[in-house]
Amino acid sequence: MEMKGESVPAAPGPPSQRLLRRCISSFALLSLGYILGAAVIFFDLPGAAFLRRGLQGGAAWYETTRPDAPGDSPASPTVGRIDKPDKTCDGFTLCMYGGGSRATLIDMRGAVVHSWHVPFSQLWAAPPHLKGRINDADVYFNDGHVYPDGDLLAVVEGPINASNPSNGYGLVKLDKDSRVLWKYAEKCHHDVAVGDDGTIYVLTNEIIATVLPGLEYIPTPCMVDFVDVISPDGVRLKRLPILEAIHSSPYAALLAVLDRPRRPSGAAPTVAPFRDDGIRRDVLHTNAVKVLTPALAPKFPWLKAGQLLLSPRQLDAMIVLDPGTGKVVWAARGPWRAQHDPTFLDNGHILLFDNSGAPRGSRVLEFDPKTLAFPWVYPDAAGPHFVSEIRGMSQRLPNGNTLVVNSVGGEALEVTPDRETVWTCSTAPTTLNRARRYTPDRLSFLKGGSRARP
């Protein structure tokens, strides 16, 4: 029976239309939330710090779920896909990959001739420079220096999370039997270098609440880098602030890339993506330190022995820092982007790993700072291409070959000046943090039957 005075409700429509309306409503709410959250972070409105902590936690969770996240180290690296003994520069290759704080030295056949390992919990049961519980399996050696007697200097890194925004977990010196000689409880990261006199230079970082006058456009709190100068027995002698060294130098204009783009008067505000905010808060992300030795100094007459070549990734630049004055005395930008591992060469050039400057992938550039030319590039237009968005390194070997490390691809390859591949080593699918070749004469502790190519 029809009831007078009451309206009949409209038919709700088919199920497909109701589902579509729900999807559109959900998408609209998520989009609005994204825009509002991005605006809060971009303009540093109340609640910005809370959102950043949440994003950091999410990023940390994502890193731990990636297939190449640190864990138990796999089997020894695989050598042999390409191996041309008559063309290689034979030696022992130091490989750092996987988790668990270990380093492996292999011969040209891939056999392990020596290794070092120490659980992080044995270094610091309660680390004074870190927060929260640290899982041994998640901590790894990112770079190292092997001494002739078998001692190993290793940069210790670990996961980034809300408690520990830096991946720097410390520096340790082990003897050849992995006994701890000394340890350095600072946020050491990426790279370490040893001068001819035994002085150690390591990258560190810390969170600061304020920046130098003139750099107020950098959001705070932010993370900035230093070079810690350490004695051979592990005592800090000096701390060199890299941001200050650039800002007070004639190369201060390099920092302009960190500035937030200005909008024309009357234009609508532009909301920066979350990634931009994160990059600008890790201000420099310096990833390499190299010492200009007295032997190489004459090849670089505008520099002095003992000065340091650094790689601030966020600036797409190389700089040279004088540890005596604390000032930047030289800098260069070029076609490279997000570069790693610049190294002085004995011909007066600089070798660097260019992560993102090439349109088809990563590459190695040999740069002439006098002519601004690139006498050698690997790969060339016809060569095999690879992509390593992070890490990566290169080493010029005594016979003129170059060792190239495709970190993300888990591969090291030795190539000739003509770009012929003559040796390969794989840790795939595990990321290869570093690989460095030592000629047999530099490792006197390998006695008896140990040979580079048995």
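Above this text is the structure in question.
To start, this report covers the structure provided alongside it. (Residues numbered from 1 in each chain as written. Predicted model: local features only at pLDDT ≥ 70, side-chain atom pairs only at ≥ 80, totals over all residues. Heavy atoms only, no water.)

1. Points about the sheet that holds strand β13 (residues 286-291)
Then, number 1: Pairing is antiparallel across the open sheet formed by 4 strands, whose spatial order is β13-β14-β15-β16. Two strands bound the open sheet, and with one partner strand each, they are β13 and β16 (327-333). In this sheet, adjacent strand axes meet at a mean angle of 20 degrees when their direction is disregarded.
Then, number 2: Where strand β14 (residues 308-312) lies against strand β15 (residues 317-322), 3 bridges are found, and the strand directions are antiparallel. Bridge pairing in β15 places Leu308 opposite Leu321. (Pairing = 2+ DSSP bridges. Helix = DSSP H or I, 4+ residues; strand = E, 2+ residues; numbered from the N terminus. Axes fitted to C-alpha atoms, helices over the stretch in contact; angles between N-to-C directions.)

2. Here's the deal with the environment of Pro250
Then, number 1: Note on placement: Pro250 falls in the loop between α4 (242-247) and α5 (274-281).
Then, number 2: Classification of Pro250 as exposed rests on a relative accessible area of 77%.
Then, number 3: Sequence-wise, Pro250 and Val329 are 79 residues apart; in three dimensions their C-alpha atoms are separated by 8.2 Å. (Buried < 20%, exposed > 50% of the residue type's maximum accessible area, 1.4 Å probe, protein only.)

3. With respect to the pairing of strand β4 (residues 112-117)
Then, number 1: By the bridge criterion, 5 bridges tie strand β3 (residues 102-106) to β4 in an arrangement that is antiparallel. Residue Arg102 lies in a different strand from β4, and its bridge partner there is His117.
Then, number 2: Between β3 and the antiparallel strand that follows it, β4, lie 5 residues; Gly110 among them carries a positive phi value of about 95 degrees.

4. Things to note about the pattern of salt bridges
Then, number 1: Going through the model one piece at a time under the given rule, you end up with 23 salt bridges.
Then, number 2: Here Arg81 makes a salt bridge to Glu411, at a shortest N to O gap of 2.7 Å. Here Arg81, found in strand β1 (residues 78-83), pairs with Glu411, found in strand β23 (residues 411-415); they are 330 residues apart in sequence, far enough to count as distant.
Then, number 3: Between Glu186 and Arg239 there is a salt bridge, with the nearest N and O atoms lying 3.5 Å from each other. Of this pair, Glu186 sits in the loop between β8 (180-184) and β9 (188-194) while Arg239 sits in strand β12 (residues 236-241); the two residues are 53 residues apart in sequence, bridging distant segments of the chain.
Then, number 4: A single network of salt bridges, built from pairs that share partners, joins Glu186, Glu206, Asp228, Arg236 and Arg239. (Salt bridge = Lys/Arg side-chain N within 4 Å of Asp/Glu carboxyl O.)

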